[in-house]
Amino acid sequence: MGVMVVDERKVPVREPYVIRMGGWTLERYLREAPEDRIWEFVRGEVLMHSPATAEHQDLVGFLYWLLRGYCEIRGWGKVLMGPAAVRILPDVVREPDVFVIRPEDVGRARGVPLEVVPVLVVEVVSPSTRTLDLWEKAEEYARVGVKEYWGVDGEEGVLWVHRRQGDRYAVEGVRTGRVASIAVPGFWLEVGWLFQTPLPSVTECLRAILGAPGT
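Calculation rules
Residues numbered from 1 in each chain as written. Predicted model: local features only at pLDDT ≥ 70, side-chain atom pairs only at ≥ 80, totals over all residues. Heavy atoms only, no water. Helix = DSSP H or I, 4+ residues; strand = E, 2+ residues; numbered from the N terminus. Expected span 1.5 Å × (residues − 1). Buried < 20%, exposed > 50% of the residue type's maximum accessible area, 1.4 Å probe, protein only. Contact = heavy atoms within 4.5 Å. Salt bridge = Lys/Arg side-chain N within 4 Å of Asp/Glu carboxyl O. 1 Å grid on protein atoms, 1.4 Å probe; cavity = no way out; pocket = protein on both sides within 12 Å on 5 of 7 lines; lining within 4 Å. Points joined across faces, edges and corners; volume = space filled by probe spheres on them. Nonpolar A, V, L, I, M, F, W, Y, C, P; charged D, E, K, R; others polar. Pairing = 2+ DSSP bridges. Axes fitted to C-alpha atoms, helices over the stretch in contact; angles between N-to-C directions. Phe/Tyr/Trp six-rings, centres within 6.5 Å; stacked < 30°, edge-to-face > 60°. Core = buried A, V, L, I, M, F, W, Y, C linked by side-chain atoms within 4.5 Å.

**Considerations on helix α2 (residues 54-74)**
At step 1: Given a rise of 1.5 Å per residue, 21 residues ought to cover 30 Å, and the 30 Å separating the end C-alpha atoms of α2 matches this to within 8%.
At step 2: Of the residues making up α2, those classed as buried are H56, L59, V60, G61, F62, L63, Y64, L66, L67, G69, Y70 and C71.
At step 3: For α2, the elements touching its buried residues are β4 (78-81), β7 (98-101), β8 (120-125), β9 (148-153), β13 (188-190) and α4 (202-211).
At step 4: Phi turns positive, to about 65°, at G75, one or two residues after α2.

Structure follows, in structure tokens:
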């Protein structure tokens, strides 16, 4: 399905946006949502996201390759990225920027949407998705049992770390120092890596993670 977003002068909109279109079914979403764009299905609505900036994609790629490299070397789980679609709730399908599946769920991670619960989800926050990422999605991920959720907030220079306690998340905003995952055994990163320009070498960061005592 082709959609062009224009302003009142019929000029294509360049600013980041999220558009909600109602009247959709899950079947229509699965049939018509493009494979190369982030579209999500939420309780009868389709959420269409604006094209990502180069900076956003660079950061998503950095996190994906860091996590994927680590998990492949450790032989632990599987790392995927959007627009891979995950059924979070019966009537909610999200396409997280990056997410990790437990080893025991890898064999079931097939088809569209994936019918598995990630243990770690990472979303790169943008001005147009701040409320969506830090509130709406966080509530859904907590409800379905995602053990850990990271929101990378480049505008504020904060990594919002959500860790499950009971049926809710305890949230901590981290600006500096090391954050160790409670969902992916032995994985950690330096928060400063996420906000460097340019981003650091994935290879060097991975060596640091793998070379640290206790990993």
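Let's pick the thread back up.
**Brief notes about the pattern of salt bridges**
At step 1: In this structure the tally under the stated criterion is 21 salt bridges.
At step 2: For R108, the salt bridge goes to D105, with nearest N and O atoms at 3.0 Å.
At step 3: Because the salt bridges share partners, they merge into one network encompassing R20, E40, R43, E45, R94, E123, D133, E136, K137 and E140.

**Digging into the layout of surface pockets**
At step 1: A volume near 290 Å³ is recorded for the second largest pocket.
At step 2: For the second largest pocket, the full set of lining residues is L134, W135, A138, E139, A142, R143, W160, H162, D167, R168, Y169 and V171.
At step 3: When residues of the lining of the second largest pocket are assigned to their parent elements, the largest contribution, six residues, is made by helix α3 (residues 130-144).
At step 4: Residue classes in the lining of the second largest pocket are distributed as seven nonpolar, one polar and four charged.

**Concerning the sheet that holds β9**
At step 1: The mixed open sheet is built from six strands, whose spatial order is β4-β7-β8-β9-β10-β11. The open sheet terminates on both sides in strands that have one partner only, identified here as β4 and β11 (168-174). This sheet shows a mean twist of 15° between the axes of neighbouring strands, independent of strand direction.
At step 2: As paired elements, β8 and β9 share six bridges and run parallel to each other.

**Brief notes about the packing of aromatic side chains**
At step 1: The full count for this structure, using the stated rule, is seven aromatic pairs.
At step 2: Ring centres of Y29 and F41 lie 5.9 Å apart, and the angle between their planes is 35°; this geometry places the pair in the tilted category. With a gap of 12 residues between them, Y29 in helix α1 (residues 26-32) and F41 in strand β2 (residues 39-42) connect regions that are remote in the sequence. In terms of burial, Y29 and F41 fall into one category: buried.
At step 3: The interplanar angle of 35° and the centroid separation of 5.7 Å between the aromatic rings of W188 and W193 together place this pair among those described as tilted.

**Points about the nonpolar core**
At step 1: Grouped together as the largest cluster of nonpolar side chains are 33 residues, with contacts concentrated most on L63, L66, L120, W150, L159, F187 and L189.
At step 2: When contributions to this core are tallied by element, the ones reaching two or more residues are α2, β7, β8, β9, β10 (158-165), β13 and α4.
At step 3: Counting residues per element, this core draws most heavily on α2, which supplies nine residues.
At step 4: Leave out the neighbours within four places in its chain, and L63 touches V98, V122, V124, V152, L189 and L194.
At step 5: F99, V121, A138 and Y141 belong to the second largest nonpolar core, which has 20 residues in total.

**A few points about the environment of G186**
At step 1: Mapped onto the secondary structure, G186 falls in the loop between β12 (178-180) and β13.
At step 2: Between the C-alpha atoms of G186 and Y70, which are 116 residues apart in sequence, the distance is 9.2 Å.

**What about the pairing of β10?**
At step 1: In this structure, β9 lies alongside β10, joined through six bridges in antiparallel fashion. If you follow D153 over to β10, its bridge partner there is V158.
At step 2: Counted along the chain from β9 to the antiparallel partner β10, the turn is four residues long, and its residue G157 has a positive phi close to 65°.
At step 3: Between β10 and β11, which pair antiparallel and follow one another directly, the connecting turn spans two residues, one of which, G166, has a positive phi of 70°.

From the geometry alone we can't say anything about function, so treat these as descriptive.
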